[in-house]
Amino acid sequence: MTPAIKVLLADDQALLRSAFRVLVDSEPDMRVVGEAADGAEAVEVARAERPDVVLMDIRMPGTDGLAATRMISADPELADVRVVMLTTFEVDEYVVQSLRAGASGFLGKGAEPDELLNAIRIAAGGEALLSPAATKGLIATFLAQGGGAGEGPGAAGYSERLAALTTREREVLVLVAGGLSNDEIAERLVVSPLTVKTHVNRAMAKLGARDRAQLVVIAYESGLVRPRVE
């Protein structure tokens, strides 16, 4: 039997945490292993409980979700912990920073219960919560913050790692940055979804990306993909 997905809830609103707990614990394949009212507590509980997924509110008093995500991502012992950011809007001014900090994706607080549960399962499976619509919004936010192609904080360090990618891996990376799913990329390149997944995994390993969300940020920060301003 597959072990239940362990979930940590980090939000300063107790009522919201309670609602999330009831929802998550009602599912047979997941359980809440801890709660936190601020970022510092979230990091502490994450280290104690080793959750598979942290539902992290971005705006919390004291240590916010952004700082907490950065600390979790920087801890080698928490390398398998995936952070899903909860935002008031699907794309806001903190989303790009969240992804740079190591979040696996983001979800609007107004999402339907099934969307939230699906997000937990997707993150636990190692995928990223970046729908095509969300990716377009991410790119728009990225540009609005002045993160033009090749101008991101990590741009200079990516050139050598990008050079290690095969032609097909670079091609797949560009399509991932365009918001395409593995199935859509497979159809575009006339290969199997499994082959695409292999290329994506190899690109992540070579670029030091935690997941698909990080690949999108790297693709734009490095200048490999240049956004089209409409």
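These numbers come from a predicted model, not from an experiment. (Residues numbered from 1 in each chain as written. Predicted model: local features only at pLDDT ≥ 70, side-chain atom pairs only at ≥ 80, totals over all residues. Heavy atoms only, no water.)

Chemist: In this structure, what is going on with the nonpolar core? I would like to understand it.
Modeler: Within soluble globular proteins, side chains that are nonpolar generally end up buried alongside one another. Formed by 24 residues in total, the largest nonpolar core has its most connected members in V172, L173, V176, I185, V200, L207 and L215. Contributing elements (two or more residues each) for this core: helix 7 (155-163), helix 8 (167-177), helix 9 (182-189), helix 10 (193-207) and helix 11 (212-221). With sequence-adjacent residues up to four places away left out, I185 is seen in contact with V172, L175, V176, L180, V196 and R212. Core analysis: the next-biggest nonpolar cluster, separate from the first, contains 22 residues, A10, I58, I72 and L78 among them. (Core = buried A, V, L, I, M, F, W, Y, C linked by side-chain atoms within 4.5 Å. Buried < 20%, exposed > 50% of the residue type's maximum accessible area, 1.4 Å probe, protein only. Helix = DSSP H or I, 4+ residues; strand = E, 2+ residues; numbered from the N terminus. Contact = heavy atoms within 4.5 Å.)

Chemist: Would you mind going over the packing of helix 9 against helix 10 with me for this structure?
Modeler: Helix-helix packing is described using two parameters, namely the angle between the two axes and the distance between the axes. Between helix 9 and helix 10, the shortest axis-to-axis distance is 8 Å and the interhelical angle comes to 105°. Relative to helix 10, the element helix 9 lies roughly perpendicular. Packed against helix 9, whose contacting residues are N182, D183, I185 and A186, the element helix 10 presents P193, V196, K197 and V200 at the interface. Its residues assigned to classes, the contact of helix 9 with helix 10 shows 5 nonpolar, 1 polar and 2 charged. (Axes fitted to C-alpha atoms, helices over the stretch in contact; angles between N-to-C directions. Parallel < 35°, antiparallel > 145°, perpendicular 65-115°, else oblique. Nonpolar A, V, L, I, M, F, W, Y, C, P; charged D, E, K, R; others polar.)

Chemist: Please explain the pattern of salt bridges as it appears in this structure.
Modeler: If charged atoms from side chains of opposite charge come close, those side chains can pair. According to the stated counting rule, one finds 9 salt bridges in the structure shown. The salt bridge partner of E27 is R121, with a shortest N-O separation of 2.7 Å. Of the two residues, E27 is situated in the loop between helix 1 (14-25) and strand 2 (30-36) and R121 in helix 5 (residues 113-124); the sequence distance between them amounts to 94 residues. The partner of R121 in a salt bridge is D29, with the nearest N and O atoms 2.7 Å apart. Of this pair, R121 sits in helix 5 while D29 sits in the loop between helix 1 and strand 2; the two residues are 92 residues apart in sequence, bridging distant segments of the chain. D29 sits in the partly exposed class, given a relative accessible area of 27%. Because the salt bridges share partners, they merge into one network encompassing R17, R21, D25 and E35. (Salt bridge = Lys/Arg side-chain N within 4 Å of Asp/Glu carboxyl O.)

Chemist: Just to check I follow, could you spell out unusual backbone geometry for this structure?
Modeler: For residues other than glycine, phi is negative in most cases, and the peptide bonds are mostly trans. Of note, R50 is a non-glycine position whose phi angle comes to about 50°, a positive value. For R50, a relative accessible area of 37% translates into the label partly exposed. Here the phi dihedral of V190 falls at roughly 55°; this positive angle occurs in a residue that is not glycine. Inspection of the secondary structure assignment puts V190 in the loop between helix 9 and helix 10.

Chemist: What am I meant to see in the sheet that holds strand 2 here?
Modeler: Across the sheet, which stays open at both edges, the 5 strands sit in the order 2-1-3-4-5 with parallel pairing between neighbours. Strands with a single pairing partner mark the edges of an open sheet, and in this sheet they are strand 2 and strand 5 (105-108). Going from strand to strand, the sheet's axes swing by 25° on average, the running direction of each strand aside. With respect to the sheet, helix 1 is in contact with strand 1 (5-10), strand 2 and strand 4 (82-87), its orientation differing from that of strand 2 by roughly 160°. (Pairing = 2+ DSSP bridges.)

Honestly, it's all geometry; don't read function into it.
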